[in-house]
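Working through the structure, step by step
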Amino acid sequence: MSLAFATTAQNTFTFNTKTAEIVLLSEGQRVSNINNLIGLTPQIIAETAPENSVPGATNAFLIRTAGGKNVLVDTGHGRELFNNLKSVGVSPDKIDALLITHLHGDHINGLVKDGTRAFVNAKLYLSKKEYDSAGENALKILGFYSSDLILFEPGEESPDNLYEDIRSMACYGHTPGHTIFIIDNLVIWGDLIHAMAVQMPYPGVAITYDSDPKMAVESRLKMLEYIVNNQLYSAGMHLPYPAIGRVKSNGKNGYIFTPVE
Ligand SMILES: [Zn+2]
């Protein structure tokens, strides 16, 4: 089992795009087994996860925009989130907007702290399709934000302007309304990839958490191609530290991820 990620990782990391500061806010590193992956072959396992496990993490990202806005993309479990925000000098009441990729608990539980709304001054942006699929836990959490909830339709073929300089794009399949966000040349891709070591070289591998595994694979292939064609940086909610890097084709229908320094 590789501990390289856990021993060197920190919970925050800052990356600058042309106009914005992006801050990784990690709930921590983890090693996951591969039992939930769909479409593995003995050859893929031998090549990418010989110990039947892969490194991962649970992350949210803070965007500090050129316009002086503090934007949170997802909120993680909400265990380390508030310590992380404190360590970078942003108090929860200074968050102006919340952009939510999808409604799984590891992305939205941090919207609530001590049984109450954690971000009292923030608008909450969520795709209309995702809202329509909300389950009991999500509806309860979203209820705290009902007066500040903004439902939108993300761009389908190209990104649509959403908030400040941030754009949105549909990436459906992991959940019915899963949405990615783009600022400058950085994509924050939510759960486009869960098990990086496996799904980067073999993006056709799905995971049982996908509400529609086939659509999730199609969206992943389309988005990875878009990222490579547009030479974008990528940040992901389950990528190990520092969770931001470059994607390149590996020349064999798969991809290679290179973390930023
Ligand atoms: Zn997730």
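Presented here is an overview of the structure given in this document. (Residues numbered from 1 in each chain as written. Predicted model: local features only at pLDDT ≥ 70, side-chain atom pairs only at ≥ 80, totals over all residues.)

On to the overall build of the protein, then. Scanning the protein from terminus to terminus reveals eight helices and 18 strands. Against the 2.2 N^0.38 benchmark of 18 Å for 261 residues, the protein shows a C-alpha radius of gyration of 17 Å, consistent with a compact globule. Projected onto its principal axes, the C-alpha positions of the protein cover 50 × 35 × 35 Å. For the protein, buried positions account for 45% of its 261 residues. Long-range pairs, those at least 24 residues apart, make up 68% of the contacts in the protein with a sequence separation of at least 6. (Helix = DSSP H or I, 4+ residues; strand = E, 2+ residues; numbered from the N terminus. Rg over C-alpha atoms; globule rule 2.2 N^0.38 Å. Buried ≥ 20, exposed ≤ 12 C-beta atoms within 10 Å, placed from the backbone. Contact = placed C-beta atoms within 7 Å.)

Now for the environment of His-238. With respect to the helices, strands and loops of the structure, His-238 is situated in the loop between strand 16 (233–235) and strand 17 (244–249). Taking the C-alpha atoms as reference points, His-238 and Leu-111, separated by 127 residues in sequence, lie 18 Å from one another. Filtering out sequence-adjacent residues up to four positions away, His-238 remains in contact with Gly-56, Ala-57, Thr-58, Asp-191, Ile-193 and His-194.

What follows covers the sheet that holds strand 12 (residues 166–170). Reading across from one edge, 11-12-13-14-16-17-18 is the order of the seven strands in this open sheet, with mixed pairing throughout. The strands lining the two open edges of the sheet, one partner per strand, are strand 11 (160–163) and strand 18 (255–259). Taken pair by pair, the neighbouring strands of this sheet meet at an average axis angle of 35°, ignoring direction. Of the strand pairs in this sheet, strand 13 (residues 179–183) and strand 14 (residues 186–188) are connected by three bridges, and their pairing is antiparallel. Paired with Ile-183 across the bridge in strand 14 is Leu-186. Helix 8 (residues 213–229) contacts strand 13, strand 14, strand 16, strand 17 and strand 18 of the sheet and is inclined by roughly 95° relative to strand 17. (Pairing = 2+ DSSP bridges. Axes fitted to C-alpha atoms, helices over the stretch in contact; angles between N-to-C directions.)

Proteins that are soluble and globular tend to have nonpolar side chains buried together. Among the nonpolar cores identified, the biggest contains 72 residues, and Phe-61, Leu-98, Leu-99 and Ile-180 are the most heavily contacted of them. Once you skip the residues sitting within four places of it in the chain, Leu-99 turns out to touch Val-71, Val-73, Tyr-125, Tyr-163, Ile-166 and Phe-181. (Core = buried A, V, L, I, M, F, W, Y, C linked by C-beta atoms within 7 Å.)

In this section: the sheet that holds strand 4 (residues 53–64). Reading across from one edge, 1-2-4-5-6-9-10 is the order of the seven strands in this open sheet, with mixed pairing throughout. Each edge of the open sheet is held by one strand with a lone partner, namely strand 1 (12–16) and strand 10 (149–152). On average, each strand axis in the sheet is tilted by 25° relative to the strand beside it, whichever way the strands run. The sheet contact formed by strand 9 (residues 123–127) and strand 10 spans four bridges and is parallel. Each residue of the ladder has a partner; that of Leu-124, found in strand 10, is Leu-149.

With that settled, the discussion passes to the pairing of strand 17. Inspection of the sheet shows strand 16 paired to strand 17 by three bridges, in the antiparallel sense. Residue Tyr-233 lies in a different strand from strand 17, and its bridge partner there is Arg-246. Relative to strand 18, strand 17 runs antiparallel, the two sharing five bridges. Within strand 18, the position partnered with Ser-249 by the bridge is Tyr-255. As consecutive antiparallel partners, strand 17 and strand 18 are separated by five residues, and within that stretch Gly-251 has a phi angle of approximately 75°, a positive value.

On to helix 8, then. Over its 17 residues, helix 8 extends 24 Å from the first C-alpha to the last, a length consistent with the 24 Å expected when each residue adds 1.5 Å. Along its buried surface, helix 8 packs onto strand 13, strand 14, strand 15 (206–207), strand 16, strand 17 and strand 18. Of the residues flanking the end of helix 8, it is Gln-231, one or two places downstream, whose phi is positive at about 50°. (Expected span 1.5 Å × (residues − 1).)

Here the amide bond leading from Tyr-241 into Pro-242 is cis, since omega sits at 5°, within 30 degrees of zero. Considering the arrangement of structural elements, one finds Pro-242 in the loop between strand 16 and strand 17. Phi is positive for Asp-184, close to 50°, though the residue is something other than glycine. Even without a glycine there, the phi angle at Gln-231 is positive, about 50°. Mapped onto the elements, Gln-231 comes out in the loop between helix 8 and strand 16.

Another point: the environment of Thr-258. Positionally, Thr-258 belongs in strand 18. With residues up to four places along the chain from it excluded, the contact list for Thr-258 reads Gly-245, Arg-246 and Lys-248.

With that out of the way, let us pick up the environment of Thr-58. Tracing the backbone shows Thr-58 in strand 4. Taking the number of C-beta atoms within 10 Å as the measure of exposure, Thr-58 has 21 and is therefore buried. Along the chain, Thr-58 and Val-23 lie 35 residues apart, while their C-alpha atoms are 14 Å from each other. If we skip the residues at most four places from it in the chain, Thr-58 touches Glu-27, Gly-28, Gly-76, His-77, Asp-106, Met-237 and His-238.

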